[in-house]
2 protein chains.
Amino acid sequence: MITIIGFIAAILTTASFLPQAIKTIKTKDTSGISLMMYILFSAGILLWLVYGIFINDLAVISANAVTFVFALIILFYKLKSPRS
Amino acid sequence: MITIIGFIAAILTTASFLPQAIKTIKTKDTSGISLMMYILFSAGILLWLVYGIFINDLAVISANAVTFVFALIILFYKLKSPRS
């Protein structure tokens, strides 16, 4: 039961960045998005990825690899057009 | 060493939502923010909180409790003014 809760939590928090990445790609509207958030978040997710590799945990590695890609996309668009 | 990486990763991913919450409170600009992201993310963080309580892990509980508050603030402003 507990593992299932953790698994669903991981899927939700990972998948949640997909609609934001899609919205940002579509609208290019990043004015309300915090650059500092995505810098800190991307750095944190990268460390979770390193952590997952160290502890050899495929779930931690895969969830954070996916989230890292979404976070980088959003960060890229924010850096590309900070004011828009 | 590995625990330190996980600890820093948790601090970064948790703290990263603070600048977004502050920006959203200040600017009320949520047009570029994905409502679906924060619905899914808040649900996922809530489950991580439940997971942390089940496994009795204070780090998981505290990190996700803080992130949950920030996510709810952003979600509140997005729901309050979806178009702005």
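That block above? That's the structure.
The rules behind the values
Residue positions are given per chain, counting from 1 as you read along its sequence in written order. Chain labels run from A onward and ligand labels from 1 onward, assigned in the order the entries are written. Local features in this predicted model are restricted to residues whose pLDDT is 70 or higher, and side-chain atom pairs enter the listing and the counts only when it is 80 or higher, whereas totals over whole chains, interfaces and linings include all residues. Side-chain numbers here rest on the full set of heavy atoms in the structure, without hydrogens or water. Each helix corresponds to a stretch of at least 4 residues labelled H or I by DSSP, and each strand to a stretch of at least 2 residues labelled E; elements are numbered beginning at the N terminus. When accessible area is computed with a 1.4 Å probe and restricted to protein chains, residues below 20% of their type maximum are described as buried, those above 50% as exposed, and intermediate ones as partly exposed. Here, two residues are considered to be in contact whenever any of their heavy atoms come within 4.5 Å of each other. Note on areas: Shrake-Rupley with a 1.4 Å probe; residue coverage comes only from the protein chains shown. The rule is short: rings of Phe, Tyr and Trp, with Trp giving its six-membered ring, pair when the centres are within 6.5 Å, and they are stacked under 30 degrees, edge-to-face over 60, tilted in between. The copies were overlaid by least squares, fitting only the C-alpha atoms of residues that reach a pLDDT of 70 or more in each copy.

1. Focus: the overall build of chain A
Then comes step 1: If you tally the helices and strands in chain A, you get 4 helices and 0 strands.
Then comes step 2: Taken over the C-alpha atoms alone, chain A extends approximately 45 × 25 × 15 Å along its principal axes.
Then comes step 3: Buried residues in chain A amount to 44% of all 84 residues.
Then comes step 4: Contacts spanning at least 24 positions in sequence make up 71% of the contacts within chain A whose residues lie at least 6 apart.
Then comes step 5: Accessible surface computed for chain A: about 4300 Å², of which carbon and sulfur atoms make up 78%.

2. Overview of the packing of aromatic side chains
Residue and element names in this part refer to chain A.
Then comes step 1: Considering all chains together, one arrives at 10 aromatic pairs over all chains under this definition.
Then comes step 2: Arranged with centres 6.4 Å apart and planes meeting at 85°, the rings of Phe17 and Tyr38 form a pair that is edge-to-face. With a gap of 21 residues between them, Phe17 in helix 2 (residues 17-27) and Tyr38 in helix 3 (residues 35-54) connect regions that are remote in the sequence. Taken individually, Phe17 and Tyr38 each receive the classification buried, so the pair is uniform in this respect.
Then comes step 3: Aromatic side chains Phe17 and Phe41 sit 4.6 Å apart centroid to centroid with 25° between the ring planes, which places their arrangement in the stacked category.

3. Remarks on the relation of the copies chain A and chain B
Then comes step 1: You can overlay chain A on chain B at an RMSD of 0.0 Å; the transform is a turn of 180° with a shift of 0.0 Å along its axis. In symmetry terms, the pair is related by a two-fold rotation axis. By C-alpha distance to the rotation axis, the residue of chain A lying nearest is A:Gly32, at 2.7 Å.
Then comes step 2: Of the interface residues in chain A, 100% have counterparts in chain B that sit at the interface too, so the contact is made through matching surfaces.

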